[in-house]
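# Structure assessment
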Amino acid sequence: TQMRPVLDFLNRTEDVAALLGDGRSGLRIGIGAELNRPELLNCSVVSVGYRINGTPCGRIALIGSTRMNYPRIIAIAEYFSERISQMLTDMLRNE
């Protein structure tokens, strides 16, 4: 199926890390060939960074069809980034 190469790619930690790049904040959107990964030619990746105490630490990403509802997916990714940032910051404060 078309999903097998995508799932195989997601199991390769180094490749996923290279795709997402550093933990700097900000929204990134990659569509199809822009991703430079043949396994993701028919996919889009929307990623956004999260922070702990204001310091960038990582990224969350959503992968879907190139025909995804971008405004909705961007809003979801940004919401989760904000929530994760707040939860991690709160956890560290309470230690």
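In case you missed it, the structure is sitting above this.
So, a few notes on the structure that sits alongside this text. (Residues numbered from 1 in each chain as written. Predicted model: local features only at pLDDT ≥ 70, side-chain atom pairs only at ≥ 80, totals over all residues. Heavy atoms only, no water.)

## Details of the pattern of salt bridges
Cut-off, in case you're wondering: The salt bridge criterion pairs a side-chain nitrogen of Lys or Arg with a carboxyl oxygen of Asp or Glu, the two atoms within 4 Å. To qualify as a helix, a DSSP run of H or I must reach at least 4 residues; to qualify as a strand, a run of E must reach at least 2; elements of each kind are numbered from the N terminus. To sort residues, take the accessible area from a 1.4 Å probe on protein chains only and compare it with the maximum for the residue type: under 20% means buried, over 50% means exposed, and anything in between is partly exposed.
Throughout the structure, instances matching the rule amount to six salt bridges. Measuring nitrogen to oxygen at the nearest pair gives 3.6 Å for the salt bridge that ties Arg-37 to Asp-15. Remark: Asp-15 occurs in helix H2 (residues 13–20) and Arg-37 occurs in the loop between strand S1 (27–31) and strand S2 (43–52); sequence separation between them is 22 residues. For Arg-37, a relative accessible area of 23% gives the class partly exposed. Across the salt bridge formed by Glu-39 and Arg-37, the nearest N and O atoms sit 3.1 Å from each other. The exposure class assigned to Glu-39 is buried, which follows from its relative accessible area of 19%.

## Focus on the sheet that holds strand S3 (residues 55–65)
Strands pair in a sheet through their backbones, by hydrogen bonds, and they do so in one of two ways: parallel or antiparallel. As a reminder of what qualifies: For two strands to be treated as a pair, DSSP must find no fewer than two bridges joining them. Angles run from 0 to 180 degrees between N-to-C directions of axes, and those axes are lines fitted to C-alpha atoms, restricted for helices to the stretch in contact.
Read across the sheet, three strands follow the order S1-S2-S3 without closing on themselves; strand pairing throughout is antiparallel. Strands with a single pairing partner mark the edges of an open sheet, and in this sheet they are S1 and S3. For this sheet the average axis-to-axis angle between neighbouring strands, irrespective of direction, equals 20 degrees. Bridge analysis of S1 against S2 gives five bridges, and the strand direction is antiparallel. From the neighbouring strand, Gly-30 faces S2, where its bridge partner is Val-45.

## Considering unusual backbone geometry
Of note in the backbone geometry, Asn-36 takes a positive phi value of approximately 55 degrees without being a glycine. Relative to the helices and strands, Asn-36 resides in the loop between S1 and S2. Not every positive phi belongs to a glycine, and Asn-53 is a case in point at roughly 55 degrees. Tracing the backbone shows Asn-53 in the loop between S2 and S3. On the basis of relative accessible area, Asn-53 is assigned to the partly exposed category, the value being 48%.

Spatial relationships are all this shows, so hold off on functional conclusions.
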